[in-house]
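Given next are the chains, with one letter for each unit.
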Amino acid sequence: MCGIMGYIGKREAWPIVMTGLKRLEYRGYDSAGVGTIYKNRLRVAKQVGHLSALDRSYPEGLPGNVAIGHTRWATHGGITQENCHPHVDPGRLVAVVHNGIIDNAEEIKEALQKEGASFRSETDTEVLAHLIARELEEGRASSLVEAVRAALLRIHGTAGILVLSRLEPEVIVAARIGSPVVLGISDEETFIASDPSALVGHTTRIVFLDDSEVAEITARGFRTIDLQNRLREKRVEQIEFAPDEIALQGYRHYMLKEIAEQPAAIDRTLRGRTDMTSGTARLGGLKELGRRIFDFGRITLFGCGTSLHAAGVGQFLMERYARIPAGAEDAAELRSRNPIVSQDNLYVAISQSGETADVLSTLREIKMRGGMVAGITNMVGSSIARETDCGVYIHAGPEISVASTKAFTSQVTALSLMALLFARMRDLPAHEGREWVGGLNDASNEVHAMLVHRDRIKALAEEYCRSQYVMFVGRGISYPVAREGALKLKEIAYIPCDGLSGADMKHGPLSLIEQDSPVWAIVPPDETRERMVGNLQELKARGAAILAVAAPEDEEVARLAQFVIPLPPHHPACSPLLTVVPLQLFAYYAAVALGRNIDKPRNLAKSVTVE
Ligand code: F6R
């Protein structure tokens, strides 16, 4: 969703801010803008559409050594020039860029209008510009940071903001109320962004603002206070970004690059975390749980979208191997049910970005009720990583494409480690633990073996991409994989589809099957195979064209299917890591064949930071 980038230093700020915003493009946006101060005047450039449109409208950029920029994902008000950020007050004293939503904006706006204020945009952010400017104009605040702090005390909602004022041309004020803001520290220059990936190549010294903090930033450093004006000590953290990690490296799209990176990402998730001798996992981030692992009577995993599908695999592994009752829940639904939180329930929040609003609010609700929440995230220092009691980083590396691929397989790997740890502490014999460790250690090679089928899957995608409907079917551990396959195809190729369990299919969706309707069937050689073969017979009898992912020696499946992607030998708990790969490739190549915008599908954002 919206992205923020700011710069203050000795260099021209425009190109730095534009490059940072380009790095945040993957989050999804519909308009962009930049504000600078030059010769004590505020200058603002805005444009609807891509950053390239802004570049075209301002080929010289705006001059100045200080700038704030924003990519907007419309929430309050349509996609218009007036609604683009930065927003300024009528006296052009301050400019504000804002991520988040101000819940009481209408109320404040009405009150200000009664006092004669007029507004140019339909946004909630403009209200903030008015409030900050008034603090300065009416003399209640003697500095910009003071004015921002006072204004923030009047709003309810979420706000990651950057503010410029022509009264203090050598300062940017940043604040975080719910929505992430990070500072990048360098010599004689400071960078600010909503996501550390925008800072790649500038610095590796990062400061994460905590909730309800306001920072007064200059080229030489920063000072942080809380909303009560108390000084806050901040730690500078070292984050290693490799600039090539966010480059396309010869791939046509990030999605394909990230699919291909899965073996390496799985290895990174596993690195140093398996113990073959004891047949268990070592997860430093879960040390906190200690012996409580014996006592948990239930595990509730929650997330959204792809992360929810990873939770579905985690649920299966926890129940099957650790023998703990487990559930996988849509984060928003879990919260809206007024959840019954108990002490013997472990909650696990799963999120690639670590910023998904529904996951964050649910974890806060659970913690507020005394529940224990572990996190599984990719983004170091993200809100979910910071607010959970303990957790596991997946170390998948930056995921730029909106469609999540390598995060899914790394999340499943991390959940496997967690389930293995729990299983070994409770019930699983050592030799079975060792077999599982062996399976995990072999997984990256097996995923490689699946990637080899790329060209055959491309041909299938080209053959079936004009279908009216595609069904994905799986059972047991493969059921969440079927759902993930369907999500990938609908989100990037825009083809209607369902991800169903073999049982579900018979209770209605079977009526959608016609002659040659494509059905992806996930049939690994596990306890669900026999039932799945029954389902395939029913599908075949109704004319379906079955595309199966199955063991190469499974002759029965080979007879029923039009085409089989063969699975290499693998541990049964690792099958989702393998079976999802052809489905990701099918979605990718179908979308390419249909000319879709692969890395930025319509209507979608990478990180959904509003509920
Ligand atoms: C699908 C996709 C989304 C995300 C969902 C959760 O490809 O990317 O469904 O999985 O928005 O995002 P995170 O994992 O960042 O919480």
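As a reminder, the structure under discussion sits directly above these lines.
Residues numbered from 1 in each chain as written. Predicted model: local features only at pLDDT ≥ 70, side-chain atom pairs only at ≥ 80, totals over all residues. Heavy atoms only, no water.

## Section: the pairing of strand β7 (residues 159–165)
Then step 1. Summarising burial for β7: seven of the seven residues are buried, a large majority.
Then step 2. Of the pairings in the sheet, the one linking strand β6 (residues 94–99) to β7 comprises six bridges and is antiparallel in character. Residue N99 lies in a different strand from β7, and its bridge partner there is G160.
Then step 3. Where β7 and strand β8 (residues 172–177) come together, five bridges link them in antiparallel fashion. Along β8, the bridge assignment pairs L162 with A174.
Then step 4. Connecting the antiparallel pair β7 and β8 is a turn made up of six residues. (Buried < 20%, exposed > 50% of the residue type's maximum accessible area, 1.4 Å probe, protein only. Helix = DSSP H or I, 4+ residues; strand = E, 2+ residues; numbered from the N terminus. Pairing = 2+ DSSP bridges.)

## Some thoughts on the site of the ligand
Then step 1. Around the ligand, the structure places 14 residues, and the nearest of them are S307, S351, S353, T356 and E491.
Then step 2. In the environment of the ligand, an oxygen atom lies 2.9 Å from a nitrogen or oxygen atom belonging to the side chain of K488.
Then step 3. In the complex, 90% of the free accessible area of the ligand, which totals 410 Å², lies under the protein chains.
Then step 4. Contributing elements (two or more residues each) for the shell around the ligand: α9 (305–322) and α16 (479–493).
Then step 5. Across the shell around the ligand, the residue classes tally to four nonpolar, eight polar and two charged.
Then step 6. Here the shell around the ligand spans two domains, since at least three of its residues come from each of domain 2 (248–444) and domain 3 (452–611). (Near = heavy atom within 4 Å. Polar contact = N/O pair within 3.5 Å; in protein donor to acceptor, adjacent residues only side chain to side chain. Areas by Shrake-Rupley, 256 points an atom, 1.4 Å probe, with all protein chains shown as cover. Nonpolar A, V, L, I, M, F, W, Y, C, P; charged D, E, K, R; others polar. Domains from an automatic or database assignment.)

## Focus on the pattern of salt bridges
Two side chains of opposite charge can pair, provided their charged atoms sit close to one another.
Then step 1. Throughout the structure, instances matching the rule amount to 29 salt bridges.
Then step 2. Here K22 makes a salt bridge to D55, at a shortest N to O gap of 3.3 Å. Highlighted residues: K22 in helix α1 (residues 13–23) and D55 in helix α2 (residues 51–57), separated in sequence by 33 residues.
Then step 3. For D55, a relative accessible area of 27% translates into the label partly exposed.
Then step 4. A salt bridge links R386 to D210, with the nearest nitrogen and oxygen atoms 2.6 Å apart. (Salt bridge = Lys/Arg side-chain N within 4 Å of Asp/Glu carboxyl O.)

## A few points about the sheet that holds strand β11 (residues 205–208)
Then step 1. With antiparallel pairing, eight strands are arranged side by side in an open sheet as β3-β2-β4-β1-β10-β9-β11-β14. The sheet is open, and its two borders are formed by β3 (41–48) and β14 (237–238), each paired with just one other strand.
Then step 2. Its contacts with the sheet place α1 against β1 (3–8), β2 (31–38), β3, β4 (66–72) and β10 (189–193), and it is angled at close to 155° to β1. (Contact = heavy atoms within 4.5 Å. Axes fitted to C-alpha atoms, helices over the stretch in contact; angles between N-to-C directions.)

## Here's the deal with unusual backbone geometry
Then step 1. Omega for the peptide link from H85 to P86 comes to 0°, which places this bond in the cis form.
Then step 2. For Q249, which is not glycine, the phi dihedral falls at a positive 50°.
Then step 3. Q249 sits in the partly exposed class, given a relative accessible area of 46%.
Then step 4. Its identity is not glycine, yet H395 carries a phi of approximately 50°, on the positive side.
Then step 5. With a relative accessible area of 35%, H395 lands in the partly exposed category.

## Some remarks on helix α17 (residues 529–541)
Then step 1. Between its first and last C-alpha, α17 extends 18 Å over 13 residues, near the 18 Å set by a 1.5 Å rise per residue.
Then step 2. Looking at α17, one finds that the buried residues are R529, M532, V533, N535, L536 and L539. The buried residues of α17 occupy an angular sector of 160° when the element is viewed end-on, so they sit on one face. Opposite the buried face of α17, at more than 90 degrees from it, the exposed residues are E530, R531 and A541.
Then step 3. On its buried face, α17 sits against β22 (470–474), β24 (518–523), β25 (545–550) and α18 (555–560). (Expected span 1.5 Å × (residues − 1). Arc of directions from axis to C-beta.)

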